[in-house]
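Report on the structure
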Amino acid sequence: MKTIQGVLWDNDGVLVDTEQLFYESNRDLLLPYGIDLTPKQFFDWFLDNHYGAWHVLLGQGHAIELVERLRGERSRLFSERLRQARRLAMPGIEPVLAALRPHVAMGVVTSAYEQHFQISHAATGLLQHFDFVLTREMYGESKPAPDGYRLGLQRLGLAAADCVAVEDSPRGLRAANAAGLECIIVRNHMNRDHAFDDAFCVVDSNAELGEVLASFVPGMAPARPQLEAFL
């Protein structure tokens, strides 16, 4: 059985329930330009591939200046929606983090910018469980490039073979795998129809995620009933 000493976590869709808000922010900005962004398009363009929806605007003949202006408007709109949201922590994630914290080193590797990351965690109480956070400004190429995860491994001071990543998107999975990490995918309403063939495993809940992670940690695998009690 594989054992681990560290876990690297994605943020949006894993720790905090923010992807629907990001989808709505993009959809509302694009609608006046005749682009009725569907959830499937959002998944394909933002969570699977790396080009967002801006290629559609450029393909319609709009100038790059419009794209840059809409990026700024999206950032402000997304920030506003994050501030208005009451509960952003994913249900059941805090007990998983609390159970693991005494046993493994943990960090966050996110494509979110620091501004949005800090707003989304203003009231979650989750950051106490992590040794560090890497936001988008802190590494080179964004996911699916492995830059963030490679830097995360350096911060942990551990080899990829001694760690796992937790993700919810194809982009994140490819980034983790490219850094040599085995990756656990957590299902949510955005990714429920994607196969994730290259994942170490796919779990349907944070209770199941906690069980899988505990099975990797010496001294925790026999304590499965206690972990389930947390959840």
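Going along each chain's sequence as written, the residues are numbered from 1 onward. Owing to the predicted nature of the model, reporting of local features is limited to residues with pLDDT of at least 70; listing and counting of side-chain atom pairs is limited to 80 or more, with chain, interface and lining totals taken over all residues. Each side-chain value is derived from all of the structure's non-hydrogen atoms; neither hydrogens nor water enter the calculation.

A separate point is the overall build of the chain. From N to C terminus, the chain includes 10 helices and six strands. Relative to the globule expectation of 17 Å for 231 residues, the C-alpha radius of gyration of the chain, 18 Å, shows essentially globular dimensions. Oriented by its inertia axes, the alpha-carbon framework of the chain measures out at about 60 × 35 × 30 Å. Counting only residues that meet the buried cut, the chain has 50% of its 231 residues in that class. The contact criterion used is simple: two residues touch if any of their non-hydrogen atoms lie within 4.5 Å. Considering only intrachain contacts with a sequence separation of at least 6, the fraction spanning at least 24 residues in the chain is 65%. Residue exposure ignores everything except the shown protein chains as possible cover, and the areas themselves are Shrake-Rupley values with a 1.4 Å probe. Split by element, the accessible area of the chain, about 10,600 Å² in all, is 50% carbon and sulfur. Counted as positive: Lys and Arg. Counted as negative: Asp and Glu. His and the chain ends are not counted at all. Note on charges: their place is set at NZ of Lys, CZ of Arg, CG of Asp or CD of Glu. Charge separation in the chain, taken as the distance between the mean sites of 21 positive and 30 negative side-chain charges, equals 4 Å. To qualify as a helix, a DSSP run of H or I must reach at least 4 residues; to qualify as a strand, a run of E must reach at least 2; elements of each kind are numbered from the N terminus. Using C-alpha atoms as the atom set, the radius of gyration is obtained and then compared with a globule rule of 2.2 Å times the number of residues to the power 0.38. Think of it in three bands: residues with accessible area under 20% of the maximum for their type are buried, residues over 50% are exposed, and the middle band is partly exposed, with areas taken using a 1.4 Å probe on protein chains only.

Two rings from Phe, Tyr or Trp (for Trp, the six-membered ring) form a pair when their centres are within 6.5 Å of each other. A pair whose planes differ by under 30 degrees is stacked, one over 60 is edge-to-face, and the rest are tilted. Under the criterion given, the structure shown has six aromatic pairs. For the ring pair Phe42 and Phe46, a centre distance of 5.0 Å and an interplane angle of 25° mean the geometry is stacked. Linking Phe42 with Phe46, this pair stays in helix α2 (residues 39-48), spanning four residues, or about one helical turn. One exposure class covers both Phe42 and Phe46, and it is buried. Where Phe200 meets Phe216, the ring centres are 5.4 Å apart and the plane angle is 70°; that geometry is what we call edge-to-face. Of this pair, Phe200 sits in the loop between β5 (182-186) and β6 (201-203) while Phe216 is found in the loop between α9 (206-215) and α10 (224-230), placing the two residues 16 residues apart along the sequence. Overall, the relative accessible area of 1% leaves Phe216 in the buried class. Site record: aromatic cluster; members linked through ring pairs are Phe22, Tyr23, Phe42, Phe46 and Phe78.

Once that is clear, we can look at the nonpolar core. As used here, the term nonpolar core means buried Ala, Val, Leu, Ile, Met, Phe, Trp, Tyr and Cys residues forming a set that is joined through side-chain atoms within 4.5 Å. Core analysis: the largest hydrophobic core is formed by 30 residues, its most contacted members being Val7, Trp9, Leu15, Leu100, Ile184, Leu209 and Leu213. Residue assignment for this core shows that the elements contributing at least two residues are β1 (6-9), α5 (93-100), β2 (105-109), β4 (163-167), β5, β6 and α9. It is α5 that provides the largest number of residues to this core, a total of five residues. Contacts of Leu213, omitting those with residues within four sequence positions, involve Val7, Trp9, Val96, Leu100, Val164 and Ile184. Counting residues in each nonpolar core, the second largest holds 20 residues, with Leu153, Ala160, Ala176 and Ala199 among its members.

Strand pairing requires that DSSP identify at least two bridges connecting the strands. The sheet built from six strands is open, its strands ordered β3-β2-β1-β4-β5-β6 with parallel pairing. Where the open sheet ends on each side, the last strands, each with one partner, are β3 (132-134) and β6. Within the sheet, the average angular offset between the axes of one strand and its neighbour, ignoring direction, is 25°. By the bridge criterion, three bridges tie β2 to β3 in an arrangement that is parallel. The residue of β3 that forms the bridge with Val109 is Leu134. Lines are fitted to the C-alpha atoms to define the axes, a helix being fitted only along its stretch in contact, and any angle between axes, read from their N-to-C directions, falls within 0 to 180 degrees. This element, α5, spans β1 and β2 of the sheet and lies at about 155° to β1.

The next thing to look at is the packing of helix α1 (residues 19-30) against α2. For any two helices packed against each other, the geometry comes down to the angle between their axes and how far apart the axes lie. Running from amino to carboxyl end, α1 crosses α2 at an angle of 100°, the nearest separation of the two axes being 11 Å. As far as their axial angle goes, α2 and α1 are roughly perpendicular. Only Pro39, Phe42, Phe46 and Leu47 of α2 make contact with α1, whose side of the interface consists of Glu19, Phe22, Tyr23 and Asn26. Gly is put with the polar residues, along with every residue not named as nonpolar or charged; the nonpolar set is Ala, Val, Leu, Ile, Met, Phe, Trp, Tyr, Cys and Pro, and the charged set is Asp, Glu, Lys and Arg. The class makeup of the residues in the contact of α1 with α2 is six nonpolar, one polar and one charged. Angles below 35 degrees are treated as roughly parallel, those above 145 as roughly antiparallel, those between 65 and 115 as roughly perpendicular, and all remaining angles as oblique.

With their axes 9 Å apart at the nearest point, α5 and α9 run at an angle of 15° to one another. Of the possible angle classes, the one that applies to α5 and α9 is roughly parallel. Between α5 and α9 the crossing geometry is right-handed. The residues of α9 that touch α5, namely those facing Ile93, Val96 and Leu100, are Asn206, Leu209, Gly210 and Leu213. Among the residues making up the contact of α5 with α9, the classes are represented as five nonpolar, two polar and no charged. By convention, the crossing between two helices is left-handed when the near helix turns anticlockwise from the far helix through less than a right angle, and right-handed when the turn is clockwise.

We now examine the environment of Cys163. Along the chain, Cys163 turns up in strand β4. Apart from the residues within four sequence positions on either side, Cys163 is in contact with Lys2, Ile4, Gly6, Leu153, Leu156, Leu158 and Leu181.

Here the focus is the pairing of β4. Here β4 lies mainly inside the structure; five of its five residues are buried. The alternating pattern of β4 places Cys163, Ala165 and Glu167 and Val164 and Val166 on opposite faces, both of which are buried. Pairing geometry for β4 and β5, over four bridges, is parallel. For Glu167, the partnering residue across the bridge sits in β5 and is Ile185. Note on the crossover from β4 through helix α8 (residues 170-178) to β5: the handedness is right-handed. When the strands point away from the viewer, a crossover counts as right-handed if the path from the first strand over the helix to the second runs clockwise.

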